[in-house]
Amino acid sequence: MMTKHRRNGARLVAVAAAGVLLAGCGSSGARTGADPDPKPSGSVRQAGESAEPPKSPEPEETKEPGALPSAYEFTPDPSRVPRTAAEARRLTRNAALGQNDWTAGMVRGTPYETAGTWTVLADSCVWSRSALPDGVLDSFTRRLDVPAQDGKGRVRGSVTVTVHRTVEDADREIKDTVQESFRCPAQELGGGQRLSGLMSLQFDQKDVRNADASLFEAGKFTGPGSGGTQDYVWSKSRIGPVTTAVSVKGAKGYQNSDLLRIAAEGGAKVLYRVELELK
């Protein structure tokens, strides 16, 4: 039992370290042209302080595209928050990443889009789809893959945007997701796809710079065309009543760090697009 505990502890540390990359990732250039709200420098002299010898003026602090603030301070415009299913559908379609929005060279997965349904993890740890629950106005998924090339397999990615009726409903989704990996560390996705060794971690808000809440999950993936057991990474975040989820299933020739980079890029971009819809 001691060995198992050590092994689980090591894996949890690895999940936490990898997840920090996703939680702290910027918008990968998506903020170009945005109107940042720079904070005053902490080195501003207070009135009455003794003067120092003149120095060459330091360059004014600027925010490069994709730079992160010290804390997440975005507040949705109440008039932009969807109140109806039609408004929610407009947001989810605008925010979800398309073929040219994620990583260069990605192609449409199969099926490309899934709309208006909700995934449910049964007690048997098998996933299925059902109608949207009352607290969800819309949920929309697109699948985008990195095609097999140069001796490497096909990486399967997906991005989901969900609009809840309330912030509390969206926050409950985040908390429930963390518990699912503890309840079902092995999960059946359907079509012969299987996840195993899953571990989830929700981040302390002080470590999240581009959302109100974020979590990270990692494990192993097997399925038709996977070329054996591959790494799997997944993140979910919340801005107001909107949640986003990005998953990346590995393939032959890809390291876990490659999947983290793909997931971090997709996660940051979809969160920025949600902000644009809500500002």
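Attention in this report is confined to the structure presented alongside it. Predicted, not measured: the structure shown is a model, and the values here were computed from it.

Position of Ser-181 among the secondary structure elements: in helix H3 (residues 167-183). Owing to a relative accessible area of 2%, Ser-181 belongs among the buried residues under this scheme. A distance of 3.2 Å separates a polar side-chain atom of Ser-181 from the backbone oxygen of Val-178. Ignoring anything within four residues of it in the chain, the contact list for Ser-181 reads Gln-187, Leu-198, Met-199, Ser-200 and Glu-217.

What the rule picks out here adds up to 14 salt bridges. Where Lys-269 meets Glu-265, a salt bridge forms, and the shortest distance between an N and an O atom there is 2.9 Å. A residue pair is termed a helical-turn pair when its members lie 3 or 4 positions apart in one helix, as Lys-269 and Glu-265 do in helix H4 (residues 256-278) at four residues. Here the salt bridges do not stand alone but share partners, grouping Asp-171, Lys-175, Asp-212 and Arg-238 into one network.

Turning our attention to the sheet that holds strand S5 (residues 155-164). Spatial strand order, S1-S4-S5-S10-S9-S8-S7-S6: eight strands in an open sheet with antiparallel pairing. With partners counted over all chains shown, the strands left at the sheet margins are strand S1 (107-115) and strand S6 (187-190), one partner each. Taking each pair of neighbouring strands and ignoring which way they run, the sheet shows an average axis angle of 20°. Bridge count between strand S8 (residues 213-222) and strand S9 (residues 230-239): nine bridges; the pairing is antiparallel. Across the sheet, residue Ala-213 finds its bridge partner in S9, namely Arg-238. Against the sheet, helix H2 (residues 85-95) contacts S1, strand S4 (136-146), S5 and strand S10 (242-249), and its axis sits at roughly 20° relative to S4.

Attention now goes to the nonpolar core. Grouped together as the largest cluster of nonpolar side chains are 39 residues, with contacts concentrated most on Trp-102, Val-155, Val-161, Ile-239, Val-248 and Leu-278. Counting residues per element, the ones that place at least two in this core are H2, S4, S5, S8, S9, S10 and H4. Per-element tally for this core: the top contributor is H4, with eight residues. Leave out the neighbours within four places in its chain, and Val-161 touches Leu-91, Thr-92, Ala-95, Ala-96, Asp-138, Ser-139, Phe-140, Val-242, Thr-243, Val-270 and Val-274. Leu-198, Phe-221, Tyr-232 and Ala-245 belong to the second largest nonpolar core, which has nine residues in total.

Rules used in this analysis
- Residues numbered from 1 in each chain as written.
- Predicted model: local features only at pLDDT ≥ 70, side-chain atom pairs only at ≥ 80, totals over all residues.
- Heavy atoms only, no water.
- Helix = DSSP H or I, 4+ residues; strand = E, 2+ residues; numbered from the N terminus.
- Buried < 20%, exposed > 50% of the residue type's maximum accessible area, 1.4 Å probe, protein only.
- Polar contact = N/O pair within 3.5 Å; in protein donor to acceptor, adjacent residues only side chain to side chain.
- Contact = heavy atoms within 4.5 Å.
- Salt bridge = Lys/Arg side-chain N within 4 Å of Asp/Glu carboxyl O.
- Pairing = 2+ DSSP bridges.
- Axes fitted to C-alpha atoms, helices over the stretch in contact; angles between N-to-C directions.
- Core = buried A, V, L, I, M, F, W, Y, C linked by side-chain atoms within 4.5 Å.

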